[in-house]
Amino acid sequence: MTEPSRVLNPLLRQRLMSADAAAALIRPGDNVGMSGFTGTGHPKAVPAALARRIAQAHRDGEPFKVGVWTGASTAPELDAALAQVDGIELRLPYQSDPVCRERINAGRMEYLDIHLSHVAQFVWSGFIGHLDVAVVEVAGILEDGRLVPAASIGNNKTWLDQADRVILEVNAASPDLEGMHDIYYGTHLPPQRMPIPLVRPDDRIGEAYYRCDPAKVVAVVQTNAPDRDTKFSAVDDASRRIAGHIIEFLQHEVKKGRLPRELLPLQSGVGNIANAVMAGLQDAPFDNLTAYTEVLQDGMLALLKSGKLRSASATALSLGAQALAEFERELDFYRSRIVLRPQEISNHPEIVRRLGVIAMNGMIEADIYGNVNSTHVHGTRIMNGIGGSGDFARNAWLSIFMTPSTAKNGAISCIVPMASHVDHTEHDVQVIVTEQGLADLRGLSPKQRSQLVIENCAHPDYKPLLRDYVRRALESGSGRHTPHLLQEAFNWHLQAQAGERMGGLPKA
Ligand code: COA
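Description of the structure in this document. Keep in mind the model is a prediction, meaning the values are calculated, not measured.

### Side note on the overall build of the protein
Counting its regular elements, the protein contains 18 helices and 25 strands. Over its C-alpha atoms the protein spans a radius of gyration of 23 Å, differing by no more than 12% from the 23 Å that the globule rule assigns to 508 residues. C-alpha atoms of the protein, sized along the principal axes, occupy 75 × 55 × 45 Å. Long-range pairs, those at least 24 residues apart, make up 73% of the contacts in the protein with a sequence separation of at least 6. Working note: accessible area of the protein is about 19,500 Å², and carbon and sulfur atoms make up 51% of it. Across the protein, 51 positive and 58 negative side-chain charges occur, with their mean positions spaced 3 Å apart.

Following this line, the structure appears as structure tokens:
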């Protein structure tokens, strides 16, 4: 797409209008499917125009809220802009925006935190209501009306299919990604479902463009704005040690013959630690790696560049400014190595199980028996959401969860007696890693697991307290399969909520 205008279809050229005019086509109470996944490919102009319209309506005393459905997190010009004016009735599926987080935790915005692979089928089947409008960013519109996707796919295929009205944002700043996408149109609802014909992580099974009925397109808005600059912290000591433990473990698995030398396709979650683990793989003794993941962050791009990683399948890019510049400089190199797919395919349980993905995701806390909380601080306050961690963890060949052993300068232990909210149960969690060490929980009973989690993963300050908890829980005799002291299982969380150090320890 090198033409000055990226809108080549004559009919759709007639629908060109300003963002304000396009936003005026969205009505109070509409459910709006927005593009966007981890800060890329979200519409840049219409949401802000909609937010201005909503603010004006509220000043005039008129109620105006919409449902906002996306792929995953977006950026301040979408999530924060709409949340700030109290314009979102219900948000789904994953967000990481501080304003949204504050509104959700204050009870002012409904939030549906569902598995990312479920969203499309929930919409197809009508479980979550009707989709009125799609607002989707694309990199261009071809002469025949097909749409060139931008830097994330997410749920766009579903939004374009299901919405009554479609607003397209054509972003002139979007890199020329033509040919990098693989949009699969073969999914159906049961009982018509067929196997998804993807057997290798870099297989292409679909088309490079979105289809969209031009009759549904009510507006085309031209923009020229960059994606979010996703900043990662410099790799710190804890992350480096976590990465080290994981690499040592993977080497051990290869030695035992339980993993091939080139490993199995890697999935790496969002956030700093996941990014740091990818960076750690740079110096690890593995080559010819592949990735079947949801988000491609800076660390994975560097692995592609060095040749350690042969190919990567994802639904979105999520790069910092420097990595993005590198990506744009070497677009053709990356075009032949990256495939971007709809999120119901990038996260599909059938494929994750078939490929035998190695899933590595961050977490808030784990308990001594291996239940993992990825989403809720002290059980009640949402952080981001489950994202795709459940899609991968439940179906992976190896399901690894990682966190520093403490948070908030040591005041909080990330290994607790009982997880205050459970996203991934003990049945889906195989390995827990902190900077202290790694616990391989496969094949262990709950009591055996608790020993390993405490001894290998807990911070030394909290180890004696956790050992004491298990000992007393066992002695209490109320249930010796998964021993707990129900009267004190959440004491640590209550202490943290009260601003004290967990376990009654003196402030560090
Ligand atoms: N109690 C309270 N706060 C905690 C905590 C705990 N047990 N553990 C972490 N935190 C806080 C940190 O202090 C930090 O707070 P800050 O932003 O105020 O500094 C924040 O949570 C993020 O923690 P950090 O250690 O920087 O981890 P991260 O960037 O690796 O993110 C998750 C960790 C869990 C928030 C992130 O991985 C996530 O949202 N996961 C769920 C979704 C997912 O896994 N998606 C991938 C699927 S493909």
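### Structural notes on the side chain of Thr290
Inspection of the secondary structure assignment puts Thr290 in strand S10 (residues 289–292). Setting aside residues no more than four positions away along its own chain, Thr290 makes contact with Pro201, Leu264, Pro265, Leu266, Leu309, Arg310 and Ser311.

### Things to note about the pairing of strand S5 (residues 133–141)
Counting buried positions along S5 gives nine out of nine residues, so the element sits mostly inside the fold. Pairing between strand S1 (residues 31–34) and S5: three bridges, direction parallel. Note that in S5 the partner of Val32 across the bridge is Val133. The sheet contact formed by S5 and strand S7 (residues 165–171) spans five bridges and is parallel.

### As for the site of the ligand
Around the ligand sit 24 residues, and of these Gln267, Ile364, Met383, Asn384 and Lys408 come closest. Here an oxygen atom of the ligand and a backbone polar atom of Asn272 are 3.4 Å apart. Lys408 places a polar side-chain atom, nitrogen or oxygen, 3.0 Å from an oxygen atom of the ligand. Surface burial for the ligand is 79%, taken as the share of its 960 Å² of free accessible area covered by protein chains. Elements represented by at least two residues in the shell around the ligand include exactly helix H9 (272–281) and strand S15 (358–362).

### Looking at the packing of aromatic side chains
Taken as a whole and assessed by the stated rule, the structure comprises five aromatic pairs. For the ring pair Phe333 and Tyr334, a centre distance of 5.0 Å and an interplane angle of 90 degrees mean the geometry is edge-to-face. For Phe333, a relative accessible area of 27% gives the class partly exposed. A cation over a ring is seen here: Lys157 above Tyr185, with NZ or CZ 5.5 Å from the ring centre. The aromatic ring of Tyr185 is capped on one face by Arg211, whose charged end is 4.0 Å from the ring centroid.

### Some thoughts on helix H16 (residues 446–457)
In a regular helix each residue adds 1.5 Å, so twelve residues correspond to 16 Å; H16 covers 16 Å between its end C-alpha atoms and thus fits that length. Looking at H16, one finds that the buried residues are Pro446, Arg449, Ser450, Val453, Ile454 and Cys457. Looking straight down H16, one finds its buried side chains confined to an arc of 125 degrees; they lie on one side. Considering only its buried residues, H16 is in contact with strand S16 (365–367), strand S23 (415–416), strand S24 (431–434), strand S25 (437–440) and helix H17 (463–476).

### Looking at the pattern of salt bridges
Tallied over the entire structure, the rule returns 31 salt bridges. Measuring nitrogen to oxygen at the nearest pair gives 2.1 Å for the salt bridge that ties Arg449 to Glu426. With Arg449 in helix H16 and Glu426 in the loop between S23 and S24, this pair connects stretches of sequence that are 23 residues apart. The buried category is assigned to Arg449, whose relative accessible area is 8%. Classification of Glu426 as partly exposed rests on a relative accessible area of 23%. Note that Glu455 and Arg467 form a salt bridge whose closest N and O atoms lie 2.7 Å from each other. Linking Glu455 in helix H16 with Arg467 in helix H17, this pair joins segments that are twelve residues apart in sequence. Assessed through its relative accessible area of 39%, Arg467 is described here as partly exposed. Here the residues in one salt-bridge network are Asp468, Arg471, Arg472, Glu475 and Glu488, joined through shared partners.

### Some points on the packing of H16 against H17
Here H16 crosses H17 at 165 degrees, and the two axes come no closer than 9 Å. Viewed along their axes, H16 and H17 adopt a mutual orientation that is roughly antiparallel. Crossing of H16 against H17: the hand is left-handed. Two secondary-structure elements touch here, H16 through Lys447, Ser450, Ile454 and Glu455 and H17 through Lys463, Leu466, Arg467, Val470 and Leu474. Of the residues belonging to the contact of H16 with H17, the class tally is four nonpolar, one polar and four charged.

### Remarks on the nonpolar core
Counting 74 residues, the largest nonpolar core has Leu296, Phe327, Ile338 and Ile358 as the members making the most contacts within it. Per element, the largest residue contribution to this core is six residues, and it comes from helix H8 (residues 237–255). When near neighbours in sequence (up to four residues on either side) are disregarded, Phe327 contacts Pro175, Leu177, Met180, Leu301, Leu317, Leu319, Tyr334 and Ile338. Core analysis: the second largest hydrophobic core is formed by 40 residues, Ala49, Ala57, Ala72 and Ala81 among them.

### What about helix H11 (residues 321–329)?
At 3.6 residues per turn, the α-helix brings residues three or four places apart onto the same side. Here H11 has its buried residues at Ala323, Glu326 and Phe327. For H11, the angular spread of buried residues about the axis comes to 100 degrees, placing them on one side. Along H11, exposed side chains directed more than 90 degrees from the buried face belong to Gln322 and Arg329. Lining the buried residues of H11 we find helix H10 (298–306), strand S13 (316–317), helix H12 (331–335) and strand S14 (338–340).

### A few points about the pairing of S25
Note that S24 and S25 share four bridges and pair antiparallel. Bridge pairing in S25 links Ile432 to Ala439. Connecting S24 to the antiparallel partner S25 that follows it, the hairpin turn spans two residues.

Reading the values: the criteria
Residues numbered from 1 in each chain as written. Predicted model: local features only at pLDDT ≥ 70, side-chain atom pairs only at ≥ 80, totals over all residues. Heavy atoms only, no water. Helix = DSSP H or I, 4+ residues; strand = E, 2+ residues; numbered from the N terminus. Rg over C-alpha atoms; globule rule 2.2 N^0.38 Å. Contact = heavy atoms within 4.5 Å. Areas by Shrake-Rupley, 256 points an atom, 1.4 Å probe, with all protein chains shown as cover. Lys, Arg positive; Asp, Glu negative; His and termini not counted. Charge placed at Lys NZ, Arg CZ, Asp CG, Glu CD. Buried < 20%, exposed > 50% of the residue type's maximum accessible area, 1.4 Å probe, protein only. Pairing = 2+ DSSP bridges. Near = heavy atom within 4 Å. Polar contact = N/O pair within 3.5 Å; in protein donor to acceptor, adjacent residues only side chain to side chain. Phe/Tyr/Trp six-rings, centres within 6.5 Å; stacked < 30°, edge-to-face > 60°. Lys NZ or Arg CZ within 6 Å of the ring centre and 35° of its normal. Expected span 1.5 Å × (residues − 1). Arc of directions from axis to C-beta. Salt bridge = Lys/Arg side-chain N within 4 Å of Asp/Glu carboxyl O. Axes fitted to C-alpha atoms, helices over the stretch in contact; angles between N-to-C directions. Parallel < 35°, antiparallel > 145°, perpendicular 65-115°, else oblique. Left-handed = near helix turned anticlockwise from the far one by under 90°. Nonpolar A, V, L, I, M, F, W, Y, C, P; charged D, E, K, R; others polar. Core = buried A, V, L, I, M, F, W, Y, C linked by side-chain atoms within 4.5 Å.

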